Amino acid sequence: MKRKLIAVIICAVCISVTGCGKKEAPVEENVHAETEQEAEDKEEPEVPEEEPGEEKPEEKSAGETEEAAEEAVQDDKDVPPAGREELYREILYRYKEAQDGKYSQEQVESMELVTELIQHGWPYAVAGDEVRYLYYDVDSDGNDELIITYYNDIVDIYGYDGKKVRKAFSAGYRDFATLYPGGMLRLDCSISATDYNTIWYQYDTGLGDYFAVFEDRYEEEYGAAYYTFCYYGISDEERKEIEDAYRDYDDYPVWVYEWGDELTKDEYEKIVPKDKAVKLPKGELLSGVVLPDGYVPMVTTDARSGQDDSGQKVEITKDMQKKMNVFLSNFAEQRMQFYDHGRPDMYQVGYFAFLWSYINKSSDVKTEDNYYTVSYDTVKRLADRYLGLNISDDDLNICYRPDENRSFFAKGKYRTPAADGESFSSFAVVRSAEDVGGGNLRLEFTIYDLDTDAYLDNRGIPSKYYSLSEEEVRDKLRINESGCSELTEMEKGYAIVKKDGDSYKLMYYEIYG
């Protein structure tokens, strides 16, 4: 049976780890000190005040011969017979412009440059010394594709569909991509320390794009599972549907991204490529690209004016300290590990909304059968308020193999299995802030955990802790007469937040140690 699961959600699960955590049962009364405003107005607290039609071009299938592919390329007078380097130069110049200008994520996106380098803090927060590019023929049709790497790991791949250059593939943060002969690509994703999945992609020469074909998924709690995707083994009619949708809408039918059939281990091992992985050349440094005379930047001087303060240290006032601590504590208390606004995972968003409601407004959490639920309206409201996401019911109408051990969306609600609760005694303290342009701040922070007795005595985190600076928190780390400290340092991380009036929206969040 074909299962309705969008593949982009699967990849996003690889990237996010928040949704893999333990689900907690809401308590009847929750007085966690998320904010002072929350205590005054539970219904609508404010973030800063709270505490936590053209003629169809001829396209080729992936199985066409090398001669046919070369003939089709030569029909386009803009395409050199020996390669496609000239086609990709405009894309390469965009990367170069963004890196030289240390553009913000918003500015990069305004160039219609969608790159997973953003997840590494490029170009506004890292030097980009190890961003490289190379031309490589991934499908052996006689024409090269463009590959962008970071520290020699594949990040982005661009292909050509006979009409225009398109993004064919991207490897997210903590994903590892490997090329194999015959247009195959393997993506290894780490879900957690024990859980992972491996997705195989096939390059389609005619469409200049990669499609997921099969997957090996392992979770410690549930074991291994193997699947094909709907693109695998498509019929002529299904291929025509793909081509028509691409021609008319510049996108593919939804079913292309979904799971197809579940396989046995033996069935899976028979179709997995047995070739050795391709060893790619190191490539050339992006910093060595020279923009031609007369090159017109895609980001205008006026738009770049905000970059004058990019990377400049921002003095943190007492008021700013509390607002920043409070905002980031909404994520730190959940022990979130990673979030990327540019590639949101709806399951992570749902889990965030559930835990936020459990901690701060338990009346929004309902009980149905063996599940705790929050409404779509709650998920959408909190996604907009904290994550800057404008999502619809359609974005949430997805189902992740629901059973008694899974969280999923259904009938207007996010549902997660009922489980024992635990304390949420962690909070964030911002150590430094930098203006990185485009209305964005880069915040370095440390997560601390409050002593269990102090947390339970106060039935939450006392408000005074949200105002602490890094210097002030040191006294709280000292060992007292009973041999304990009031606070324990847990983890360090950094976040990119967009200023939104007196509040913030989370653009990027990463725990690194």
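Owing to the predicted nature of the structure, the values given are computational and were not obtained by experimental measurement.

**Some thoughts on the pattern of salt bridges**
Here is step 1: Per the stated rule, a full pass over the model turns up 24 salt bridges.
Here is step 2: Note that Lys167 and Asp156 form a salt bridge whose closest N and O atoms lie 3.8 Å from each other. Of this pair, Lys167 sits in strand S4 (residues 165-170) while Asp156 sits in strand S3 (residues 153-160); the two residues are 11 residues apart in sequence, bridging distant segments of the chain.
Here is step 3: A relative accessible area of 0% places Asp156 in the buried class.

**Some remarks on the nonpolar core**
Here is step 1: Counting 48 residues, the largest nonpolar core has Leu328, Phe331, Leu387, Phe445, Val497, Leu506 and Tyr509 as the members making the most contacts within it.
Here is step 2: Elements with a contribution of two residues or more to this core: helix H9 (318-332), helix H10 (346-360), strand S15 (371-375), helix H11 (376-387), strand S18 (426-437), strand S19 (440-450), strand S20 (487-500) and strand S21 (503-511).
Here is step 3: In terms of residue count, the dominant contributor to this core is H10 (11 residues).
Here is step 4: For Phe331, the contacting residues outside a window of four places in its chain are Met336, Phe352, Tyr386, Leu387, Leu506 and Tyr509.

**A closer look at unusual backbone geometry**
Here is step 1: Put simply, Trp122 and Pro123 share a cis peptide bond, and its omega is -5°.
Here is step 2: Take Pro123: it is sitting in the loop between helix H5 (105-110) and strand S1 (131-136).
Here is step 3: Despite not being glycine, Tyr151 shows a phi value in the positive range, around 50°.
Here is step 4: With respect to the helices, strands and loops of the structure, Tyr151 is situated in the loop between strand S2 (145-150) and S3.
Here is step 5: The residue Lys411 is not glycine, and still its phi comes out positive at about 55°.

**Things to note about the packing of aromatic side chains**
Aromatic ring pairs: the centre-centre distance and the angle between the two ring planes describe each pair.
Here is step 1: Scanning the entire structure with this criterion turns up 40 aromatic pairs.
Here is step 2: For the ring pair Trp200 and Phe214, a centre distance of 6.3 Å and an interplane angle of 40° mean the geometry is tilted. Note that Trp200 is positioned in strand S7 (residues 196-204) and Phe214 in strand S8 (residues 209-219), a separation of 14 residues in sequence. Like Trp200, the residue Phe214 is buried in the burial classification.
Here is step 3: Members of the aromatic cluster, joined through ring pairs, are Phe327, Phe331, Phe352, Trp356, Tyr386, Phe445, Tyr504 and Tyr509.

**Details of the sheet that holds strand S16 (residues 408-410)**
Here is step 1: Pairing in this open sheet of 4 strands is antiparallel, and the strands run S14-S15-S17-S16 from one edge to the other. With partners counted over all chains shown, the strands left at the sheet margins are strand S14 (366-368) and S16, one partner each. With strand direction ignored, the average angle separating the axes of adjacent strands in the sheet is 40°.
Here is step 2: Relative to S15, S14 runs antiparallel, the two sharing 3 bridges. From the neighbouring strand, Thr367 faces S15, where its bridge partner is Tyr372.
Here is step 3: Set on the sheet, H10 makes contact with S15, S16 and strand S17 (413-417); between it and S17 the angle comes to about 80°.
Here is step 4: Across the sheet, H11 lies against S15, S16 and S17, angled at about 60° from S15, the strand it touches most.

**Some words on H9**
Here is step 1: In a regular helix each residue adds 1.5 Å, so 15 residues correspond to 21 Å; H9 covers 20 Å between its end C-alpha atoms and thus fits that length.
Here is step 2: Here H9 lies mainly inside the structure; 11 of its 15 residues are buried.
Here is step 3: Along H9, the residues that are buried comprise Gln321, Lys323, Met324, Asn325, Val326, Phe327, Leu328, Ser329, Asn330, Phe331 and Ala332.
Here is step 4: Of the surrounding elements, those touching the buried residues of H9 are H10, H11, S18, S19, S20 and S21.

**Let's talk about the sheet that holds strand S12 (residues 312-313)**
Here is step 1: The strand order across the open sheet built from 6 strands is S12-S18-S19-S20-S21-S13, with neighbouring strands paired in antiparallel fashion. Among the strands making up the open sheet, the edge pair consists of S12 and strand S13 (338-340).
Here is step 2: Seen against the sheet, H11 touches S13 and S21 and runs at an angle of roughly 85° to S21.

**Overview of a negative patch on the surface**
Here is step 1: Where like charges cluster on the molecular surface, the negative patch consists of Asp261, Asp266, Glu267 and Glu269.
Here is step 2: Tracing the sequence through the fold places Glu267 in helix H7 (residues 265-271).
Here is step 3: Residue Glu267 is classed as partly exposed on the basis of its relative accessible area of 39%.

**A short note on the packing of H10 against H11**
Here is step 1: In the contact formed by H10 and H11, the axes pass within 9 Å of each other and the chain directions differ by 95°. In terms of orientation, H10 lies roughly perpendicular with respect to H11. Counting all contacts with H10, which are made through Val349, Gly350, Phe352, Ala353, Trp356 and Ser357, the residues of H11 involved are Thr378, Val379, Leu382, Ala383, Arg385, Tyr386 and Leu387.
Here is step 2: Residue composition of the contact of H10 with H11, grouped by class: 9 nonpolar, 3 polar and 1 charged.

**Digging into the environment of Asp216**
Here is step 1: You can see Asp216 is positioned in strand S8.
Here is step 2: Along the sequence, Asp216 and Tyr226 sit 10 residues apart, while their C-alpha atoms lie 4.7 Å from each other.
Here is step 3: With residues up to four places along the chain from it excluded, the contact list for Asp216 reads Tyr196, Asn197, Thr198, Ala225, Tyr226 and Tyr268.

**Side note on the confidence of the model for the chain**
Here is step 1: When pLDDT is averaged across the chain, the result is 78; 75% of the residues are at 70 or more.
Here is step 2: Note that pLDDT drops below 50 for residues 1-50; the model gives that stretch 176 contacts with residues more than four away or on any other chain.
Here is step 3: Note on residues 53-82: pLDDT under 50 across the span, and 51 contacts to partners over four residues away in sequence or across chains.

**Considering the side chain of Gln105**
Here is step 1: Structurally, Gln105 is set in helix H5.
Here is step 2: Contact partners of Gln105, with chain neighbours within four places excluded, come to Ile118, Tyr124 and Gly342.

**Some remarks on the side chain of Asp156**
Here is step 1: A polar side-chain atom of Asp156 sits 2.7 Å from a polar atom in the side chain of Tyr95.
Here is step 2: At a separation of 2.4 Å, a polar atom in the side chain of Asp156 contacts the side chain of Thr115.
Here is step 3: Ignoring anything within four residues of it in the chain, the contact list for Asp156 reads Tyr95, Thr115, Glu116, Leu146, Ile147, Ile148, Lys167, Phe169 and Ser170.

Calculation rules
Residues numbered from 1 in each chain as written. Predicted model: local features only at pLDDT ≥ 70, side-chain atom pairs only at ≥ 80, totals over all residues. Heavy atoms only, no water. Salt bridge = Lys/Arg side-chain N within 4 Å of Asp/Glu carboxyl O. Helix = DSSP H or I, 4+ residues; strand = E, 2+ residues; numbered from the N terminus. Buried < 20%, exposed > 50% of the residue type's maximum accessible area, 1.4 Å probe, protein only. Core = buried A, V, L, I, M, F, W, Y, C linked by side-chain atoms within 4.5 Å. Contact = heavy atoms within 4.5 Å. Phe/Tyr/Trp six-rings, centres within 6.5 Å; stacked < 30°, edge-to-face > 60°. Pairing = 2+ DSSP bridges. Axes fitted to C-alpha atoms, helices over the stretch in contact; angles between N-to-C directions. Expected span 1.5 Å × (residues − 1). Patch = residues over 30% accessible without salt bridge, like charges linked within 9 Å, V, L, I, M, F, W, Y side chains within 5 Å. Areas by Shrake-Rupley, 256 points an atom, 1.4 Å probe, with all protein chains shown as cover. Lys, Arg positive; Asp, Glu negative; His and termini not counted. Charge placed at Lys NZ, Arg CZ, Asp CG, Glu CD. Parallel < 35°, antiparallel > 145°, perpendicular 65-115°, else oblique. Nonpolar A, V, L, I, M, F, W, Y, C, P; charged D, E, K, R; others polar. pLDDT = per-residue confidence, 0-100. Polar contact = N/O pair within 3.5 Å; in protein donor to acceptor, adjacent residues only side chain to side chain.

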